[in-house]
Amino acid sequence: MTPLFDTNGKNPMAPVFEALQGPVRMAVLKAAVEMGMADILARVSTPEDIAAALPGETDLANLTHFLDSMAGIGLAVKHEGSYLNSPFAETSLRTERPVYLGDMVLNLSRMQHRNIHKIEALVQGGPPPVKKEDRLADESKWQASVKHLAPYQRAGIAALAADTIDALPECKSASKIMDIGCGPGLMCMEVLKRHPAMEGVLFDLPAIIGLAEKEVEKEGMASRVSYIKGDYNTTEFGDGYDIIWASHNLYYVKEAPAFFSRLHTALNDDGVFVSLHEGTTGEGTAPEHVVLSRLSLALEGQNYVFKKGEIAEHLRSAGFESVETSPLTLPVGEVELTIARKQRG
Ligand SMILES: C[S@@+](CC[C@H](N)C(=O)[O-])C[C@H]1O[C@@H](n2cnc3c(N)ncnc32)[C@H](O)[C@@H]1O
């Protein structure tokens, strides 16, 4: 019999073992966040002192097993029996940091993992009833999630969005940008910081704009930002935009032809629309990060996802003269960047 594994590095069994370790990784990360381990390791480093910093009883041997696994997945560093935060944990898992990601991890875990232990039942019975606060099209769901998005945007996505906009030749002369479905609004603010003559418009559901306003105040940018509060299916976009940006939020568009045609009208003649959304391939089987992160939602009937080229197709139909797509790598994996120009440049 031909062995499945050989020493030339071929290892068809790798997916099995990676899959077995996946839930353990997640459990270690989740426990580390819930126990506030990065805050503790910032103060003390021996297992005895760490045990003393934890509430209640602590079993020293099990604490060491857990700390070793934190170090094993890059959340801590062990040296001569003592533990320190890894650079990632130091910047992103200490609660006082501006890019603290712990709450985002717990929030995404609740969303992405809530049905993974019920796959067989949901395959048999179909989608279960979904609580109002778990419905993706519901404002209260976004109100709960969006506050965790601010550190994520601050941790690098805002800069990446601004780099993408900077690379547009139109950016030099642009004076008005709208971020539609902006969440906390840091992407647009990063663009404004780099372009002092530009003004920004943040568009999102009313409760989310309340959160964005706080972020704008914190950044001292209130004089350069205005707001549109409402459902983008029914609320006017305004006009005179040089750039409109939309990332990871167009899933709730109800009538695509009307929506994309309204975007076209809202832009100046030499305006550009930029979209950042996933683009699935392989008949909905790739990229893996999209398929896996959305499985729980899909099983409950919330399969909001764009196919590769789907947004580009809508934009062409809406009258954009030039539409280009390219892949872009985000921390979560590869997504599709779509750049649509109202007039051919
Ligand atoms: C996943 S977040 C993306 C936020 C931000 N664009 C980003 O990429 O980080 C989705 C955003 O879309 C907004 N949204 C959802 N449905 C909307 C609607 N009907 N009208 C306006 N905004 C909506 C949500 O409130 C939320 O802020």
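Residues numbered from 1 in each chain as written. Predicted model: local features only at pLDDT ≥ 70, side-chain atom pairs only at ≥ 80, totals over all residues. Heavy atoms only, no water.

Asks: Quick question: what am I supposed to make of the pairing of strand β2 (residues 82–85) here?
Replies: Two faces belong to every sheet, and in a regular strand the side chains alternate between them. Here β2 shows a buried face lined by Y83 and N85 and an unburied face lined by S82 and L84. Alignment of strand β1 (residues 76–79) against β2, held across 4 bridges, turns out to be antiparallel. Residue pairing in the sheet places A76 in a bridge with N85 of β2. Adjacent in sequence and paired antiparallel, β1 and β2 are bridged by 2 residues, among which E80 carries a positive phi angle near 50°. (Buried < 20%, exposed > 50% of the residue type's maximum accessible area, 1.4 Å probe, protein only. Helix = DSSP H or I, 4+ residues; strand = E, 2+ residues; numbered from the N terminus. Pairing = 2+ DSSP bridges.)

Asks: What is the right way to look at the pairing of strand β8 (residues 322–330) in this model?
Replies: Taken together, the 9 bridges between β8 and strand β9 (residues 333–341) define a ladder with antiparallel strand orientation. Residue pairing for β9: S322 is matched across the bridge by R341. Hairpin remark: β8 followed by β9, antiparallel, with 2 residues in the connecting loop.

Asks: Help me understand the site of the ligand, please; the structure alone is not making it clear to me.
Replies: In the neighbourhood of the ligand, 19 residues make up the surrounding shell, with Q153, G181, D204, Y232 and S247 lying closest. Between the ligand and G181 there is a distance of 2.8 Å, counted from a nitrogen atom to a backbone nitrogen or oxygen. If one sorts the elements of the shell around the ligand by residue count, helix α8 (residues 139–166) sits on top with 4 residues. (Near = heavy atom within 4 Å. Polar contact = N/O pair within 3.5 Å; in protein donor to acceptor, adjacent residues only side chain to side chain.)

Asks: Is there a simple way to explain the side chain of T235 in this structure?
Replies: Along the chain, T235 falls in the loop between β5 (225–229) and β6 (241–247). The contacts of T235, once residues within four sequence positions are left out, are F203, I228, K229, G230 and R262. (Contact = heavy atoms within 4.5 Å.)

Asks: In this structure, what is going on with the packing of aromatic side chains? I would like to understand it.
Replies: Within a pair of aromatic rings, the relevant descriptors are the distance that separates the centres and the angle that separates the planes. Across all of its chains, the model carries 8 aromatic pairs by this definition. For the pair F203 and F237, a centre-to-centre distance of 5.8 Å together with 75° between the ring planes defines the contact as edge-to-face. You can see F203 sitting in strand β4 (residues 199–204) and its partner F237 sitting in the loop between β5 and β6, a full 34 residues away along the chain. Of the two residues examined, F203 and F237, each falls in the buried class. The structure contains a cluster of three or more aromatic residues connected by ring pairs, namely W142, Y251, Y252, Y304 and F306. Directly above the aromatic system of Y241 lies the positively charged group of K176, at a separation of 4.7 Å from the ring centroid. Across from the ring centre of F237, 4.0 Å away, lies the NZ or CZ of R262, which sits over that ring. (Phe/Tyr/Trp six-rings, centres within 6.5 Å; stacked < 30°, edge-to-face > 60°. Lys NZ or Arg CZ within 6 Å of the ring centre and 35° of its normal.)

Asks: Any chance you could explain helix α9 (residues 186–194) here in plain terms?
Replies: One turn of the α-helix equals 3.6 residues, which is why residues spaced by three or four share an orientation. Looking at α9, one finds that the buried residues are L186, M187, C188, M189, V191 and L192. As for α9, its buried residues are in contact with α8, β3 (176–180), β4, α10 (206–218), β5 and β6.

Asks: When you look at the environment of E90 in this model, what are you seeing that I'm missing?
Replies: Turning to its location among the elements, E90 is positioned in helix α5 (residues 87–92). Note on E90: relative accessible area 24%, which makes it partly exposed. As a C-alpha pair, E90 and A197 span 107 residues in sequence and 36 Å in three-dimensional space. One polar contact links E90 to R94, side chain to side chain, over a distance of 2.5 Å. Polar side-chain contacts of E90 include one of 2.7 Å to the side chain of R97.

Asks: Looking at this model, I keep getting lost on the sheet that holds β3. Mind explaining?
Replies: In sheet architecture, strand pairing relies on hydrogen bonds along the backbone and comes in two forms, parallel and antiparallel. Pairing in this open sheet of 7 strands is mixed, and the strands run β5-β4-β3-β6-β7-β9-β8 from one edge to the other. Across the chains shown, the open sheet's two edge strands, defined by having one partner strand only, are β5 and β8. Put simply, the sheet's adjacent strands are angled 20° from each other on average, direction ignored. Where β6 meets strand β7 (residues 267–277), 6 bridges bridge the pair, whose relative direction is parallel. Counted as the bridge partner of I243 is V272 from β7. Taken strand by strand, α9 contacts β3, β4, β5 and β6, and its axis lies near 165° from that of β3. (Axes fitted to C-alpha atoms, helices over the stretch in contact; angles between N-to-C directions.)

Asks: Looking at this structure, how should I read the nonpolar core?
Replies: For soluble globular proteins, nonpolar side chains are generally found buried alongside one another. Counting residues in each nonpolar core, the largest one holds 37 residues, and the members touching the most others are I165, L168, I177 and L202. Those elements that provide at least two residues to this core are α8, α9, α10, β6, β7, β8 and β9. Looking at which element gives the most residues to this core, the answer is α8, with 7 residues. Here L202 is in contact with D179, C182, G185, C188, I209, A212, V216, V225, S226, Y227 and I228, once residues within four sequence places are set aside. Judged by nonpolar contacts, the second largest core, of 36 residues, contains A246, A256, A318 and V323. (Core = buried A, V, L, I, M, F, W, Y, C linked by side-chain atoms within 4.5 Å.)

Asks: Whenever I open this one, the UniProt feature "domain: O-methyltransferase dimerisation" (unreviewed entry) in the chain confuses me. Can you help?
Replies: According to UniProt, the positions carrying the feature "domain: O-methyltransferase dimerisation" (unreviewed entry) are residues 19–93. Between the end C-alpha atoms of residues 19–93 the distance is 25 Å, and the span holds 65% helix and 11% strand. (UniProt positions renumbered as here; feature names shortened; annotations may be inferred.)

Asks: Looking at this model, I keep getting lost on the domain arrangement of the chain. Mind explaining?
Replies: Size of an interface, as often reported, equals the accessible area lost when the parts are brought together. Under the domain assignment, the chain is made up of domain 1 (14–97) and domain 2 (135–341). The gap between the C-alpha centroids of domain 1 and domain 2 is 35 Å. (Domains from an automatic or database assignment.)

Asks: Looking at this structure, how should I read the pattern of salt bridges?
Replies: Oppositely charged side chains may form a pair once their charged atoms are brought near each other. Within this structure, the stated rule accounts for 18 salt bridges. When the shortest N-O distance is used, the salt bridge between E90 and R94 registers 2.5 Å. Two residues, E215 and R154, come together in a salt bridge whose shortest N-O distance is 2.7 Å. Of the two residues, E215 is situated in helix α10 and R154 in helix α8; the sequence distance between them amounts to 61 residues. Among the ionic contacts, a cluster of salt bridges with common partners joins D163, D166, E190, K193, R194 and E219. (Salt bridge = Lys/Arg side-chain N within 4 Å of Asp/Glu carboxyl O.)

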